[in-house]
2 protein chains.
Amino acid sequence: MPDETDQILIAALMEDSRRSLKALAQISGLSSPSVAERLRRLEERGVLTAYTVTVDPKSFGYQLQAIVRIRPMPGRMHAIERLIQAIPEFTECDKVTGEDCFVARLNVRSMEQLDAILDKLSDQAETNTSIVKTTPVKRRLPPLKHYATTPEK
Amino acid sequence: MPDETDQILIAALMEDSRRSLKALAQISGLSSPSVAERLRRLEERGVLTAYTVTVDPKSFGYQLQAIVRIRPMPGRMHAIERLIQAIPEFTECDKVTGEDCFVARLNVRSMEQLDAILDKLSDQAETNTSIVKTTPVKRRLPPLKHYATTPEK
DNA sequence: AATGAAAGCGGACCGTT
DNA sequence: AACGGTCCGCTTTCATT
């Protein structure tokens with residue numbers, strides 16, 4: 001389990017993954033070789049899974065974002081799963097318990113494109129689409145503390 | 001709108017946001033000062049919105065992930081929105097059209113914690129919870145091409 | 001597992017095209 | 001808007017604790 005120093009490093013990288021080892025060293029109170037060593041181990045252990053960027057989809061003309069719940073018809077589950085994976089406008093998808101097998105995020109340029117994509121699923125699944133209006137919570141980390149110091153308020 | 005070189009840079013950073021300017025220069029066929037200049041402009045224009053890391057929640061004991069749809073009772077929408085924001089285990093939340101006002105992602109350590117958190121909403125909203133079993137599509141970028149060279153297969 | 005020293009490489013700032 | 005050159009600073013390696 002990551003210790004407190006690891007958590008400081010992770011939080012610092014979450015804010016800005018391009019921070020230099022030296023900057024991370026200052027933040028954590030370690031030397032830069034130690035930081036490098038810790039990052040290496042965190043990657044190795046699968047704690048840090050990716051260094052990545054966030055892009056504004058609107059900059060690329062993706063004016064609409066939708067959450068689509070998908071309920072495949074009997075026997076069509078694998079086909080639907082492959083279809084979702086093959087359509088790049090689905091930028092995220094979870095397989096979940098309950099009636100809706102999949103919950104996916106869809107980025108499209110227009111209502112017409114939304115319709116066209118949902119249409120591809122329509123012969124093998126029922127879909128339920130909600131257009132994203134705003135995002136009250138942007139992707140963030142859950143609390144990283146080991147011990148539940150906060151009694152789960 | 002970002003040109004093709006910008007797209008190459010963005011895709012390269014999406015894969016690994018810690019790539020050096022020199023590495024990005026080689027990938028894109030530019031010099032490193034030019035790469036630095038382009039990144040600066042992409043940030044300025046709000047195309048690149050963050051450099052960040054992805055963490056495995058399980059490494060921190062978050063054994064369960066759920067998608068929660070939340071339908072506030074009349075007049076309780078703002079209160080619910082603030083509540084979601086205040087509970088750090090909600091790591092993502094969109095406000096959407098339709099009956100369910102919010103769709104949120106919840107990370108918890110146990111079923112008990114799941115219950116405890118949903119309980120906090122229960123007097124002001126109806127919730128519908130789906131446990132995430134697998135993630136067929138991990139967060140990715142939609143196609144970045146300007147022109148729809150792919151006729152939306 | 002972390003440190004300091006040293007060497008090698010990358011980034012930032014020039015002036016130029 | 002991109003380039004090459006230069007200088008400075010960071011990263012990486014290694015020996016040490």
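Residues numbered from 1 in each chain as written. Chains lettered and ligands numbered in written order. Predicted model: local features only at pLDDT ≥ 70, side-chain atom pairs only at ≥ 80, totals over all residues. Heavy atoms only, no water.

Within an unreviewed UniProt entry, the label attached to chain A reads Lrp/AsnC family transcriptional regulator, and the organism entered is Pollutimonas harenae.

To continue, consider the protein's contact with DNA strand C. Taken together, L30, S31, P33, S34, R38 and R41 of chain A together with S20, L21, K22 and P33 of chain B make up all the residues around DNA strand C. The contact atoms of DNA strand C, taken as those within 4 Å of the protein, divide so that sugar and phosphate hold 86%. Interatomic distance of 2.7 Å between a side-chain N/O atom of S34 of chain A and a phosphate oxygen of DNA strand C. Residue R38 of chain A places a side-chain N or O atom 2.4 Å away from a phosphate oxygen belonging to DNA strand C. At the level of secondary structure, the elements contributing two or more residues to the surface near DNA strand C comprise α3 (32–44) of chain A together with α2 (21–28) of chain B. In terms of residue count, the dominant contributor to the surface near DNA strand C is α3 of chain A (four residues). (Near = heavy atom within 4 Å. Polar contact = N/O pair within 3.5 Å; in protein donor to acceptor, adjacent residues only side chain to side chain. Helix = DSSP H or I, 4+ residues; strand = E, 2+ residues; numbered from the N terminus.)

Right, let's talk about the sheet that holds strand β2 (residues 64–72) of chain A for a bit. Strand order in the closed barrel formed by eight strands is β2(A)-β4(A)-β3(A)-β5(B)-β2(B)-β4(B)-β3(B)-β5(A), with antiparallel pairing between adjacent strands. Shown here is a sheet whose adjacent strand axes are inclined to one another by a mean of 35°, direction ignored. Two strands pair when backbone bridges link them, and strand β5 (residues 125–137) of chain A and strand β3 (residues 90–96) of chain B are joined in this way by three bridges, in the antiparallel orientation. Residue pairing across strands places V137 of chain A opposite C93 of chain B, the latter belonging to β3 of chain B. Its contacts with the sheet place helix α5 (residues 111–121) of chain A against β2, β3 (90–96), β4 (102–108) and β5 of chain A, and it is angled at close to 140° to β5 of chain A. On the sheet, helix α5 (residues 111–121) of chain B packs against β2 (64–72), β3, β4 (102–108) and β5 (125–137) of chain B and is oriented at approximately 140° with respect to β5 of chain B. (Pairing = 2+ DSSP bridges. Axes fitted to C-alpha atoms, helices over the stretch in contact; angles between N-to-C directions. Contact = heavy atoms within 4.5 Å.)

With that out of the way, let us pick up the pairing of β3 of chain B. Residue and element names in this part refer to chain B. Burial of β3 is extensive: seven of the seven residues sit out of reach of the surface. Pairing of β3 with β4, which is carried by five bridges, proceeds in the antiparallel orientation. Bridge pairing in β4 places E92 opposite R105. Linkage of β3 to β4, two consecutive antiparallel strands, is achieved through a turn of five residues, within which G98 is found at a positive phi near 105°. (Buried < 20%, exposed > 50% of the residue type's maximum accessible area, 1.4 Å probe, protein only.)

Before going further, it helps to examine the side chain of S28 of chain B. Residue and element names in this part refer to chain B. In this structure, S28 sits in helix α2. The class of S28 is buried, set by a relative accessible area of 15%. A distance of 3.5 Å separates a polar atom in the side chain of S28 from the backbone nitrogen of L30.

Residue and element names in this part refer to chain A. Running from N to C, helix α1 (residues 4–15) and α3 point in directions that differ by 85°, and their axes come no closer than 11 Å. Taken together, α1 and α3 sit at an angle that is classed as roughly perpendicular. In this structure, α1 contributes T5, D6, L9, I10 and L13 to the contact, and α3 contributes V35, R38, L39 and L42. Residue classes in the contact of α1 with α3 are distributed as six nonpolar, one polar and two charged. (Parallel < 35°, antiparallel > 145°, perpendicular 65-115°, else oblique. Nonpolar A, V, L, I, M, F, W, Y, C, P; charged D, E, K, R; others polar.)

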